[in-house]
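Next come the chains, spelled out residue by residue.
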Amino acid sequence: MARTFEEWEKPLKDLEEGIEKLKVLAGRERDDGKRTEANVRIGELEIRRDKYVDAMYCQLSPWDTVLVARAQARPYSLDYAAAIFDGFVELQGDRNYGADFAIVGGPAKFNDQSIMFVGHQKGRSIQERQLRNFGYARPEGYRKAIRLFEMAERFRLPVVTFIDTPGADAGVEAEKRGISEAIAASMMKMFELTVPIISVIIGEGGSGGAIGIGAANKVLMLEHSIYSVIAPEGCAAILWRRPELAAQAAAALRLTPQSALELGLIDGIIPEPKGGAHRDIPLAAQNLKFAIEHAMADLSKCSPIDLRDSRYQRFRKMGF
Amino acid sequence: MSSPKHPNDGSFLQCAGCKKILFVAEFEELNKVCPHCGHHHRLGAKRRIDSIFDPESFVELDQDLRSGNPLDFPDYDEKRLAAEEKTGTFDSIICGFAQLDGQRVSVAVADFSFMGGSMGSVAGEKITRTLERAAETKVPAIVFCASGGARMQEGLLSLMQMAKTTAAAQLCRRNHVPYIAVFTDPTMAGVLASYASIADVILAEPKATVGFAGLRVSKQAGVGKVPDDFQTAEFGLASGMIDRIVHRKELKSTLSNLVNLLGSSLEEAVDLPVRKSNHKKTVGASAHG
């Protein structure tokens, strides 16, 4: 199997480092001729880099998409929230047992409208990754989400959720506190709401943990995200008893945005900057914002009851 | 809780729990419960229906629903056809209406022997229709769960069945219709994390496996040691996730009593308008928040 994202992007990283070094050198160069020469060389390298990015990203295999979707370099929920919301106030606690940092949420302004934001959150530093349980949400995370969904309904706030999790926590403690019930109850709460709900898969849409906050009126996926019933490694292990066949499983599971759109299971794909969201986070956020504005405008035409009933119908027609 | 082993031509078998040798006739008479240790062996859907509902009262619906291979998943057609051959049904759920001591109920029963009872688009559809029929006709719903989880071979379509069935369970709530789930061995993953866990009442058979992820995954994820009864009905009961563990011989009377207790005032519940969509499917009440 399977190179890592870092191995995969190494040639690109080398090229970019070369360009940076040359730029520094060119900046220091006093001789006009030599500087021009260096700038020409930089231009050539930049073209090579762009071609390389094009070649790498123009036909990603499903497994490549898995690697990109999981990449630590990718923007996470709070990165996007900071870019597209104003005045976000994070609220914590399920008012029952504890705090979970793998799901974040709270009210914020989207343009001039108050909304309720809920999203999975992975960590970057080792400490933060541990704090956020590597994005594996615990029952308390889903019960906090339920609390926020209820608040959204009470105060008539449209809900925006960002999905980015390898799956829900499957440990003994999570099981003891009812991770399955928490996921099911969170979905059920979403089906009760009469405010608009928009969900965007921004990275990893990992099975039950993902759909737990994904029962929305509009479901969108970023171009290099994935959405799957099971991790490809798990699928390969169970079906073929060979986890190393993850790349084949990724293809068989059809977990890419394009496949999900073809199957009629999502409403749209949000384009990412050339070479992935991590290469230009402001542009990625701008695209995301535009897509949410669009979805919000669509849903604002619906009555509260229609919002609930059309959400039911959206999932009702899937499969049969 | 695998099926019992047959050490001979078929008049005896060995209990999967205590390993004692049992008479097949007696074992079948007890609906596959060991007379010595009480081990509950898995029961097929048809046997289950016979053991619970009034004789001849079950009317099967949607039996023609049959899955295709929407993802062209490798080997899926072969596996599904083999399961059809083995079980004589088109998928892992049998559903319809039945009577329980004369009380009408909308029922769905899972059969683990059809691809591990996994939930793809057909199982999801049948569960959804069962719950919708309950909500619309105002009769209680009873669902017997037995599933390893979502069916991988239908990919994201299977995941979406979690949302779809959950929405239908919500419809029962909104329409004041009782929904009772029975966890039999095993009730896992995508099924447990959707319609199964949000029933009004959750019963379980003794020692049934009940859990979110396979034991290996949980062991990897958990830091501490795994308790001996981890992911059993007894663990679920102790954790507050299950209402009662009921011996198979008492399931019928318990269910009948619950249907009577919870369902007898249904006529008095607010009669909510049920809106039909232009689909062949129907959508639920819309006038109540």
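Residues numbered from 1 in each chain as written. Chains lettered and ligands numbered in written order. Predicted model: local features only at pLDDT ≥ 70, side-chain atom pairs only at ≥ 80, totals over all residues.

1. Some details on the overall build of chain B
Turning to step 1, where the next piece is worked out: Scanning chain B from N- to C-terminus turns up 9 helices and 12 strands.
Turning to step 2, where the next piece is worked out: When contacts within chain B are restricted to residue pairs at least 6 apart in sequence, long-range pairs at least 24 apart make up 66% of them. (Helix = DSSP H or I, 4+ residues; strand = E, 2+ residues; numbered from the N terminus. Contact = placed C-beta atoms within 7 Å.)

2. Points about the overall build of chain A
Turning to step 1, where the next piece is worked out: Tallying secondary structure elements over chain A gives 14 helices and 7 strands in all.
Turning to step 2, where the next piece is worked out: Taking 2.2 N^0.38 as the reference for a compact globule, 320 residues should give roughly 20 Å; the C-alpha atoms of chain A span a radius of gyration of 21 Å, in line with that estimate.
Turning to step 3, where the next piece is worked out: Taken along the three principal axes of its C-alpha coordinates, chain A extends 70 × 50 × 40 Å.
Turning to step 4, where the next piece is worked out: Within chain A, the proportion of its 320 residues that are buried is 50%.
Turning to step 5, where the next piece is worked out: Considering only residue pairs separated by 6 or more positions, chain A has 71% of its internal contacts joining residues 24 or more positions apart. (Rg over C-alpha atoms; globule rule 2.2 N^0.38 Å. Buried ≥ 20, exposed ≤ 12 C-beta atoms within 10 Å, placed from the backbone.)

3. Here's the deal with the interface of chain A and chain B
Turning to step 1, where the next piece is worked out: At the interface, 46 residues of chain A touch 51 residues of chain B.
Turning to step 2, where the next piece is worked out: Looking at the side of chain A that touches chain B, the elements with two or more residues in it are α7 (172-176), α8 (179-192), α9 (207-211), β6 (226-228), α10 (232-240), α11 (246-253) and α14 (304-316) of chain A.
Turning to step 3, where the next piece is worked out: Per element, the largest residue contribution to the side of chain A that touches chain B is 10 residues, and it comes from α8(A).
Turning to step 4, where the next piece is worked out: Within the side of chain A that touches chain B, the residues separate by chemical class into 28 nonpolar, 9 polar and 9 charged. (Nonpolar A, V, L, I, M, F, W, Y, C, P; charged D, E, K, R; others polar.)

4. Some remarks on the domain arrangement of chain B
Residues and elements named next belong to chain B.
Turning to step 1, where the next piece is worked out: Domain annotation for chain B reports domain 1 (1-41) and domain 2 (42-265).
Turning to step 2, where the next piece is worked out: When each unit is reduced to the centre of its C-alpha atoms, the spacing between domain 1 and domain 2 is 24 Å.
Turning to step 3, where the next piece is worked out: Residue-level contacts link 8 residues of domain 1 with 11 residues of domain 2.
Turning to step 4, where the next piece is worked out: Class assignment of the residues belonging to the side of domain 1 that touches domain 2 gives a composition of 2 nonpolar, 5 polar and 1 charged. (Domains from an automatic or database assignment.)

5. Here's the deal with the nonpolar core
Turning to step 1, where the next piece is worked out: A:Val159, A:Met187, B:Leu131, B:Cys145 and B:Phe183 are the most contacted members of the largest nonpolar core, which totals 163 residues.
Turning to step 2, where the next piece is worked out: Element by element, the count of residues in this core is highest for helix α5 (residues 155-174) of chain B, at 11 residues.
Turning to step 3, where the next piece is worked out: Setting aside chain neighbours within four positions, we find B:Phe183 in contact with B:Cys145, B:Ala196, B:Ile202, B:Ala204, B:Ala208, B:Val210, B:Ala233 and B:Ile242.
Turning to step 4, where the next piece is worked out: Judged by nonpolar contacts, the second largest core, of 5 residues, contains B:Leu13, B:Cys15, B:Leu22 and B:Val33. (Core = buried A, V, L, I, M, F, W, Y, C linked by C-beta atoms within 7 Å.)

6. With respect to unusual backbone geometry
All names here are of chain B.
Turning to step 1, where the next piece is worked out: Following Asp185, the chain continues to Pro186 via a peptide bond in cis, the omega torsion being -15 degrees.
Turning to step 2, where the next piece is worked out: Among the secondary structure elements, Pro186 is positioned in strand β7 (residues 179-188).
Turning to step 3, where the next piece is worked out: One non-glycine residue, Glu56, lies in positive phi territory at about 65 degrees.
Turning to step 4, where the next piece is worked out: Despite not being glycine, Met115 shows a phi value in the positive range, around 45 degrees.

7. Quick look at the domain arrangement of chain A
How large an interface is tends to be reported as the accessible area lost when its parts come together.
Turning to step 1, where the next piece is worked out: Splitting chain A by domain gives domain 1 (5-59) and domain 2 (68-316).
Turning to step 2, where the next piece is worked out: Averaged C-alpha coordinates put domain 1 of chain A and domain 2 of chain A at centres separated by 36 Å.

8. Focus: the packing of α8(A) against α5(B)
How two helices sit against one another is set out by the angle between their axes and by the gap between those axes.
Turning to step 1, where the next piece is worked out: Two numbers describe how α8(A) lies on α5(B): the axes approach to 9 Å, and their chain directions differ by 65 degrees. For the pair α8(A) and α5(B), the crossing hand works out as right-handed. Contact residues: α8(A) offers A:Ala184, A:Met187, A:Met188, A:Phe191 and A:Glu192, while α5(B) offers B:Met162, B:Ala163, B:Thr166, B:Ala167, B:Ala169 and B:Gln170.
Turning to step 2, where the next piece is worked out: Of the residues that constitute the contact of α8(A) with α5(B), the class distribution is 8 nonpolar, 2 polar and 1 charged. (Axes fitted to C-alpha atoms, helices over the stretch in contact; angles between N-to-C directions. Left-handed = near helix turned anticlockwise from the far one by under 90°.)

9. Here we look at the confidence of the model for chain B
Residue and element names in this part refer to chain B.
Turning to step 1, where the next piece is worked out: Mean pLDDT over chain B: 89, with 86% of residues reaching 70 or higher.
Turning to step 2, where the next piece is worked out: Residue range residues 279-289 is modelled with pLDDT below 50. Its contacts to residues more than four positions away, or to other chains, number 30 contacts.
Turning to step 3, where the next piece is worked out: Interface confidence for the predicted complex, expressed as ipTM, amounts to 0.93; the pTM equals 0.91. (pLDDT = per-residue confidence, 0-100.)

10. Describing the environment of B:Thr87
All names here are of chain B.
Turning to step 1, where the next piece is worked out: Here Thr87 is to be found in helix α3 (residues 76-87).
Turning to step 2, where the next piece is worked out: When the 19 C-beta atoms within 10 Å are taken as the criterion, Thr87 is described as partly exposed.
Turning to step 3, where the next piece is worked out: Once the C-alpha coordinates of Thr87 and Asp111 are considered, the two residues, 24 residues apart in sequence, prove to be 8.7 Å apart.
Turning to step 4, where the next piece is worked out: If near-sequence neighbours (up to four positions away) are discounted, Thr87 is found in contact with Asp111, Ser113 and Phe114.

11. Examining the environment of A:Phe149
All names here are of chain A.
Turning to step 1, where the next piece is worked out: Among the structural elements, Phe149 can be located in helix α6 (residues 139-154).
Turning to step 2, where the next piece is worked out: Along the primary structure Phe149 and Ser310 are separated by 161 residues, whereas in three dimensions their C-alpha atoms are 18 Å apart.
Turning to step 3, where the next piece is worked out: Residue contacts for Phe149: discarding those within four places in its chain leaves Val159, Lys189, Met190 and Leu193.

12. What to know about the pairing of strand β4 (residues 93-100) of chain B
Residue and element names in this part refer to chain B.
Turning to step 1, where the next piece is worked out: Within β4, 6 of the 8 residues are buried, which leaves it mostly tucked inside the rest of the structure.
Turning to step 2, where the next piece is worked out: Pairing geometry for strand β3 (residues 59-61) and β4, over 3 bridges, is antiparallel. Across the sheet, residue Glu60 finds its bridge partner in β4, namely Gly96.
Turning to step 3, where the next piece is worked out: When β4 meets strand β5 (residues 103-110), the two strands line up antiparallel, connected through 8 bridges. Residue pairing for β5: Ala98 is matched across the bridge by Val105.
Turning to step 4, where the next piece is worked out: With antiparallel pairing between neighbouring strands as the criterion, β4 and β5 make up a hairpin whose turn holds 2 residues, including Asp101 at a positive phi of roughly 50 degrees. (Pairing = 2+ DSSP bridges.)

13. Describing the environment of B:Asn31
Residue and element names in this part refer to chain B.
Turning to step 1, where the next piece is worked out: With respect to the element layout, Asn31 can be found in the loop between α1 (24-29) and α2 (45-52).
Turning to step 2, where the next piece is worked out: Spatially, the C-alpha atoms of Asn31 and Phe114 are 19 Å apart, while their sequence positions differ by 83 residues.
Turning to step 3, where the next piece is worked out: When sequence neighbours within four positions are dropped, the list of residues in contact with Asn31 reads Leu43, Arg47, Ser51 and Arg248.

14. Quick word on the packing of helix α3 (residues 62-70) of chain A against α11(A)
Residue and element names in this part refer to chain A.
Turning to step 1, where the next piece is worked out: Look at α3 against α11: their axes get within 7 Å of each other, and the N-to-C directions meet at 100 degrees. One way to sum up the angle between α3 and α11 is to call them roughly perpendicular. Packed against α3, whose contacting residues are Pro62, Trp63 and Val66, the element α11 presents Ala246, Ala247, Ala250 and Ala251 at the interface.
Turning to step 2, where the next piece is worked out: Of the residues belonging to the contact of α3 with α11, the class tally is 7 nonpolar, no polar and no charged. (Parallel < 35°, antiparallel > 145°, perpendicular 65-115°, else oblique.)

15. Overview of the pairing of β7(B)
Residues and elements named next belong to chain B.
Turning to step 1, where the next piece is worked out: Among the 10 residues that make up β7, 10 are buried, leaving the element largely enclosed by the rest of the structure.
Turning to step 2, where the next piece is worked out: Here 6 bridges tie strand β6 (residues 141-147) to β7, and the two strands are oriented parallel to one another. The residue bridging Phe144 from the neighbouring strand is Val182, located in β7.
Turning to step 3, where the next piece is worked out: For the handedness criterion, the β-α-β arrangement of β6, α5 and β7 is classed as right-handed.
Turning to step 4, where the next piece is worked out: Where β7 meets strand β8 (residues 201-204), 4 bridges bridge the pair, whose relative direction is parallel. (Right-handed = clockwise from strand over helix to strand, strands pointing away.)

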